[in-house]
Amino acid sequence: MTQSNQEKYSHKPNEIRQFHDPLRFELFSSDPVQMRHKFLHFTEFRPHAVVLSAPVPIPFDVASDERRAAIANHEIEWRSTNRSLQDVVYAPEHPVDGVIIIRKGEIVFEAYPHMSEWDRHIAMSVSKPMTGACIAVLEAQNLIDVADPVEKYIPDLCDTHWQGTSIQDLLDMASGIDALEESPGAMTDPNHPSTIYESSLGNVGEYSKAPSIYEVVKSLDRCAPAGSIYQYNSANTFVLGWIVEQVTNVPYNRFFSQEIWSRIGTEKDAFIQVSPHGAQANEGGVSCILRDLARFGQLYTSSGRTMFGDILPKDHINAIQTGGRTDIYRLGEKNDSDDAPIFNSRQWDKVWENGDFFKLGWGGQGLYVSPSKDVVIAFFGTLDENRQKNDLPDIARKLTLSGALD
């Protein structure tokens, strides 16, 4: 092992053994060293289902040395200073684990400050658009209608507060169900619905005592009428994955692999966290290598369709770019900046007027797609000791708009 790779593995065997103490396990650790280790080795801590990769990987083209150097040296404004992209990504005070930029199917920038290119890193909520893509496939196969209420496909949700909520409301984070991740007490109050939901996945509390996620989801209350306001809630995405399984009668990981992951030239199998009761955490539990996350982003670009074919319905991208609901988004997401997104859509957090869209994952994961510029920017991160994440969401947007990648 080279010295540079040794430096990436700063955890000593005794430290790693302490990380595995079941009485001390905390996925959302306050210790960034412990958190990074768990984010990079989550399959060693919890059961996972396999998402099979492509039988024959499709490699990315790599831009010329001159082109990659120009991108790496491009100056950006960062924390009141002008610094090169390379310096910003590798800054010791900036918690970036890895980042890759794809332009017209070519790698123009790739860096791994705190991981190696073959490491699988948990993508957290960047897993959600993968579920949205599975729903789009079912739509194209005429197996579902997103205008239908969820109980049409999941009878267990009849006579619950979910009844009457459309699949479209789930896709747009507008179910009105009370498991709000951005409300007081989420993840700290053991009686908060969001904390109880995370405990059912095995992420909080004692794993062996976790309640059934299906029973937890069925018991959730309502805090707003369906379709009335944007409210971020991972349970919405879990129910979408539940619909995939109900309609296809196969596990979510198998459907996702057969219809998408194995068809986009992926280099490595991905893994999806499995709860103590056998439920797959499709809403935030996918671990994969960074290049494969970028390949998923390529699905939404013209170069990706050339590479992989039309795996997603052609109207799915249009639905993301034009099908959001500005009125309910603005009720739930206050943003008065000059470059504010116009809405969220189809499990993507932000969609801008120029058609670019973005998904954020807790702790510093992200996927930015610009179909018009044929750009994909994917990254992984871990919170620092002050619980601050990296600045790559803003950097990705500014870098794409600057023309530096054109």
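About the thresholds
Residue numbers here run from 1 along each chain, matching the order of that chain's written sequence. With the structure being a predicted model, the display of local features is reserved for residues of pLDDT at least 70 and the display and counting of side-chain atom pairs for 80 or more, all residues being used for whole-chain, interface and lining totals. To get the side-chain values, take all heavy atoms of the structure and skip hydrogens and water. Each helix is a run of DSSP H or I of at least 4 residues and each strand a run of E of at least 2, with the numbering of both proceeding from the N terminus. One less than the number of residues in a helix, times 1.5 Å, gives the span that helix is expected to have. In this scheme, a residue with accessible area under 20% of its type's maximum is buried, one over 50% is exposed, and one in between is partly exposed, where area comes from a 1.4 Å probe on protein chains only. Only rings of Phe, Tyr and Trp enter the pairing, Trp through its six-membered ring, and a pair is recorded when the two centres are within 6.5 Å. The plane angle decides the type: under 30 degrees is stacked, over 60 is edge-to-face, the rest tilted. Count a disulfide wherever a pair of cysteine sulfur atoms falls within 2.5 Å. Here, nonpolar core refers to any group of buried Ala, Val, Leu, Ile, Met, Phe, Trp, Tyr and Cys residues whose side-chain atoms link them within 4.5 Å. Contacts: residue pairs with any heavy atoms within 4.5 Å of one another. For this document, the term salt bridge refers to a Lys or Arg side-chain nitrogen within 4 Å of an Asp or Glu carboxyl oxygen.

Colleague: Sorry if this is basic, but what is going on with helix α6 (residues 128–140) here?
Modeller: The periodicity of an α-helix, 3.6 residues per turn, causes residues three or four positions apart to be oriented the same way. In this model, α6 (13 residues) spans 19 Å end to end at C-alpha, consistent with the 18 Å of a helix rising 1.5 Å per residue. Regarding α6, the residues found buried are K128, P129, M130, T131, G132, A133, C134, I135, A136, V137 and L138. Residue N142 follows α6 closely and has a positive phi angle near 60 degrees.

Colleague: How do you make sense of the packing of aromatic side chains when you look at a structure like this?
Modeller: In this description, a pair of aromatic rings is defined by centroid distance and the angle of the planes. Under the counting rule described, the total for this entry stands at 14 aromatic pairs. Considering the side-chain rings of W352 and Y368, the 5.8 Å spacing of their centres and the 40 degrees angle between planes classify their relative orientation as tilted. Here Y368 lies in strand β13 (residues 365–370) and W352 lies in the loop between β11 (348–351) and β12 (357–361), a separation of 16 residues in the sequence. In terms of burial, W352 and Y368 fall into one category: buried.

Colleague: Looking at this structure, how should I read the state of the cysteines?
Modeller: Among covalent bonds in proteins, the disulfide is the one between the sulfur atoms of two cysteines. By the definition in use, this model includes zero disulfides. C134 carries a free sulfur, and the closest cysteine sulfur to it, the one in C288, is 14 Å from it. The class of C134 is buried, set by a relative accessible area of 0%.

Colleague: Looking at this model, I keep getting lost on the nonpolar core. Mind explaining?
Modeller: Note that soluble globular proteins tend to have their nonpolar side chains buried in a common cluster. Formed by 78 residues in total, the largest nonpolar core has its most connected members in W162, I260, F296 and Y300. With seven residues, helix α10 (residues 234–248) is the single largest residue contributor to this core. Setting aside its immediate chain neighbours within four residues, W162 contacts V150, E151, L157, L170, S175, I177, V217, L220, R222, A235, N236 and V239. Counting residues in each nonpolar core, the second largest holds 27 residues, with I71, L85, F109 and I395 among its members.

Colleague: Quick question: what am I supposed to make of the pattern of salt bridges here?
Modeller: Opposite charge on two side chains allows them to pair when their charged atoms are near. A full pass over the atoms with the stated rule returns 19 salt bridges. Its salt-bridge partner being R83, residue E93 comes within 3.6 Å of it at the nearest N-O pair. Remark: R83 occurs in strand β4 (residues 81–84) and E93 occurs in the loop between α5 (85–90) and β5 (96–103); sequence separation between them is 10 residues. The exposure class of E93 is partly exposed, given its relative accessible area of 40%. Relative accessible area serves as the criterion here: at 27%, R83 is assigned to the partly exposed category. Where R291 meets E110, a salt bridge forms, and the shortest distance between an N and an O atom there is 2.8 Å. With R291 in helix α12 (residues 290–298) and E110 in strand β6 (residues 106–111), this pair connects stretches of sequence that are 181 residues apart. With relative accessibility at 24%, the residue E110 sits in the partly exposed group. Several salt bridges share partner residues, and in doing so they unite E110, E267, R291, D292 and R295 into one network.

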